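Commentary on secondary and tertiary structure
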Amino acid sequence: MSKRSSKPWYREFWVWLVLSPLILTVVVSFVMVSIAVRHADDTVSDTYYKDSRLYHFTADQDKRAKALGLAGMVRFARADNTITLELTGDLDYPQRLLLTLSHPVEADLDRHILLEQLSVGRYTGSVTGELKHRWYLRLMPELNPQEHQKAEWRLKGEINFDLGDSAPLNPAIQ
């Protein structure tokens, strides 16, 4: 007669040898899904058709900025989180300007900074949070970021904080 094992099933070596790859696969799948949901990619616009229609408005803004001879130099002082802007051109300088810092990948990190006029062509503002790596810059007289297409002109630039703390701003059309 054969001898029967008196151990319960969960104490058998062969059960765990068969189940362990299945359990590990389920755990790794949950981890991968949670990472994918939490860190979703923001690089593709959901409103690409609307954005392409607005291209003509932004091209006109660049043409106006070039016609006015606008150019600027923005400097970031990371010690006290202040920003200074030197703006040149043939225009009536507004009292306030909007500087938008757009992160190339994470739209949640975008910042809108209000710059106040100190003197003719000189503006200052402050930024919160740590600035590092690469950012896209956009300067315009429209103070509401959602209505940027209504701005009379705009200047664009790019800064890499790993390489320096200042960047030129120019019309996108050269």
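Residues numbered from 1 in each chain as written. Predicted model: local features only at pLDDT ≥ 70, side-chain atom pairs only at ≥ 80, totals over all residues. Heavy atoms only, no water.

Looking up the chain in an unreviewed UniProt entry gives the name FixH family protein, with the organism given as Microbulbifer thermotolerans.

Overview of the overall build of the chain
Keep this limit in mind: Secondary structure follows DSSP: runs of H or I at least 4 residues long count as helices, runs of E at least 2 residues long count as strands, and numbering of each begins at the N terminus. Each residue is placed in one exposure class: buried if its accessible area under a 1.4 Å probe, protein chains only, is under 20% of its type's maximum, exposed if it is over 50%, and partly exposed if it falls in between.
Scanning the chain from N- to C-terminus turns up 3 helices and 8 strands. Going from the N terminus to the C terminus, the chain shows its helices and strands as α-α-α-β-β-β-β-β-β-β-β. Among the 174 residues that make up the chain, the fraction classed as buried is 26%.

Side note on the sheet that holds strand β6 (residues 134-140)
Basically, it comes down to this: A pair of strands is considered paired only if DSSP assigns at least 2 bridges between the two. The axes are straight lines fitted to the C-alpha atoms, using for helices just the contacting stretch, and the angles between their N-to-C directions are given from 0 to 180°.
Taken in spatial order, the 8 strands of this open sheet run β7-β6-β3-β4-β5-β2-β1-β8, and their pairing is antiparallel. At either margin of the open sheet sits one strand with a lone partner, and together these are β7 (155-160) and β8 (166-169). When strand polarity is set aside, the average angle formed by the axes of neighbouring strands in this sheet is 25°. In terms of strand pairing, β6 meets β7 through 6 bridges, oriented antiparallel. Bridge pairing in β7 places Trp135 opposite Ile159.

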